[in-house]
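Architecture at a glance
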Number of protein chains: 2
Amino acid sequence: MRIGELAGRTAVSERSLRYYEEQGLLTAERTPGGHRDYPETAVDRVVRIQELYAAGLHSTRIKELLPCMRDQDGGPSAVATPRLVDDLTAERDRIDRLIADLVRSRDTLDEVIRAAGES
Amino acid sequence: MRIGELAGRTAVSERSLRYYEEQGLLTAERTPGGHRDYPETAVDRVVRIQELYAAGLHSTRIKELLPCMRDQDGGPSAVATPRLVDDLTAERDRIDRLIADLVRSRDTLDEVIRAAGES
DNA sequence: GTAGAACCTGACATCAGTGTCAGAATCAAG
DNA sequence: CTTGATTCTGACACTGATGTCAGGTTCTAC
């Protein structure tokens, strides 16, 4: 599929999709004229990338991580090195703390929203 | 207490504390010489502010929200307007989706970490 | 009063993903 | 072939909290 369709189906801007490619997170075939041609699996991958970005991972870390992930189509093509495992463990712990923060913030918002409803 | 102590106790940089004041999120008395003098309650407030920042709220939104929050020392000093309730509800929904993303990302990391441990 | 630590303001830098625009090339349908 | 939609590359802007530095002032303990 072409970039416009991929952007539409993933709700990610074309700009970002080109950026992902630039960062080595996403590859695409090219038409004879140079237009990008994505496989169906790209949809899944872009969604994953977005999730990881949302979790605060940087593109370099995502790039290291992607080959180690169980892909939509089968097993991972690589196994994380001990060094990477350390980094990913730190990321996971950071995300854990972040989730805890978010839950507290959500509770705070809920309380304010509810208090306004009671008046 | 002075800014250095507050920074130490909250693990927030002095730079950020001054920024919070600049944004109207945090107030402080001043010594005759112009140094900031924070009340004990500032510790709690700074922690809250950090949580809300972590949840992706901008300073303007936090500024609107703070007066409506149940403070450490008692009831809220204001009730959210209907307009603000709408905004906060949108924020809450966004945070909900973000938490879901984070959980998925954490699970992904756990899987990669575990896979590396099995080898 | 003096030395050193802590604090003040103001300014500029940074980060990294994304928005946006320009000008050119390609693609698809008539 | 033509036309309009889509895509291409490259460049520059932005955001917004935080880092950092400079030059000066205040505080605290001796």
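Residues numbered from 1 in each chain as written. Chains lettered and ligands numbered in written order. Predicted model: local features only at pLDDT ≥ 70, side-chain atom pairs only at ≥ 80, totals over all residues.

1. A closer look at the relation of the copies chain B and chain A
- Overlaying chain B on chain A yields an RMSD of 0.1 Å, the required transformation being a rotation through 180° with an accompanying axial translation of 0.0 Å. Both copies are brought into coincidence by an operation consistent with a two-fold rotation axis. Taking C-alpha positions as the reference, the residue of chain B nearest the rotation axis is B:Ile99, at 3.1 Å.
- Both copies present the same face, since 100% of the interface residues in chain B are matched by interface residues at the equivalent positions in chain A. (Least-squares fit on C-alpha atoms with pLDDT ≥ 70 in both. Contact = placed C-beta atoms within 7 Å.)

2. Here we look at the interface of chain B and chain A
- Contacts between chain B and chain A engage 35 residues on the former and 35 residues on the latter.
- Mapped onto the side of chain B that touches chain A, the elements with two or more residues apiece are helix 3 (41–54) and helix 5 (82–118) of chain B.
- In terms of residue count, the dominant contributor to the side of chain B that touches chain A is helix 5 of chain B (23 residues).
- When grouped by side-chain class, the residues that make up the side of chain B that touches chain A number 21 nonpolar, four polar and 10 charged. (Helix = DSSP H or I, 4+ residues; strand = E, 2+ residues; numbered from the N terminus. Nonpolar A, V, L, I, M, F, W, Y, C, P; charged D, E, K, R; others polar.)

3. Focus: helix 5 of chain B
- The terminal C-alpha atoms of helix 5 of chain B, which comprises 37 residues, lie 54 Å apart, in line with the 54 Å expected from a rise of 1.5 Å per residue.
- Along helix 5 of chain B, the residues that are buried comprise B:Leu88, B:Glu91, B:Ile95, B:Leu102, B:Ser105, B:Thr108, B:Leu109 and B:Val112.
- Check the buried side of helix 5 of chain B and you find it contacts helix 3 (41–54), helix 4 (59–65) and helix 5 (82–118) of chain A together with helix 4 (59–65) of chain B. (Expected span 1.5 Å × (residues − 1). Buried ≥ 20, exposed ≤ 12 C-beta atoms within 10 Å, placed from the backbone.)

4. Details of the environment of B:Ala7
All names here are of chain B.
- Position of Ala7 among the secondary structure elements: in helix 1 (residues 3–10).
- For Ala7, a count of 18 C-beta atoms within 10 Å translates into the label partly exposed.
- The residues touching Ala7, leaving out its near neighbours within four places in the chain, are Val12, Ser13, Glu14 and Leu17.

5. Digging into the environment of A:Leu25
All names here are of chain A.
- Among the structural elements, Leu25 can be located in the loop between helix 2 (14–22) and strand 1 (29–30).
- When the C-alpha atoms of Leu25 and Arg9 are compared, they prove to be 18 Å apart, with 16 residues separating the residues in sequence.
- Those residues in contact with Leu25 that lie beyond four places of it in its chain are Tyr20, Ile49, Ser59, Ile62, Lys63 and Leu66.

6. What about the domain arrangement of chain A?
Residue and element names in this part refer to chain A.
- The domains assigned to chain A are domain 1 (1–78) and domain 2 (80–119).
- A separation of 25 Å is found between the C-alpha centroids of domain 1 and domain 2.
- The interface of domain 1 with domain 2 comprises seven residues on the first partner and seven residues on the second.
- Each residue belonging to the side of domain 1 that touches domain 2 can be placed in one class, and the counts come to four nonpolar, one polar and two charged. (Domains from an automatic or database assignment.)

7. Here's the deal with helix 3 of chain B
Residues and elements named next belong to chain B.
- A rise of 1.5 Å per residue sets the reference length of helix 3, with its 14 residues, at 20 Å; its end C-alpha atoms lie 20 Å apart and thus fit the reference within 8%.
- Restricting attention to buried positions, one finds in helix 3 the residues Ala42, Arg45, Val46, Arg48, Ile49 and Leu52. Each buried residue of helix 3 lies within a common arc of 160° when the element is viewed along its axis, so the set occupies one face.
- Just beyond helix 3, the residue with positive phi is Gly56, at close to 90°. (Arc of directions from axis to C-beta.)

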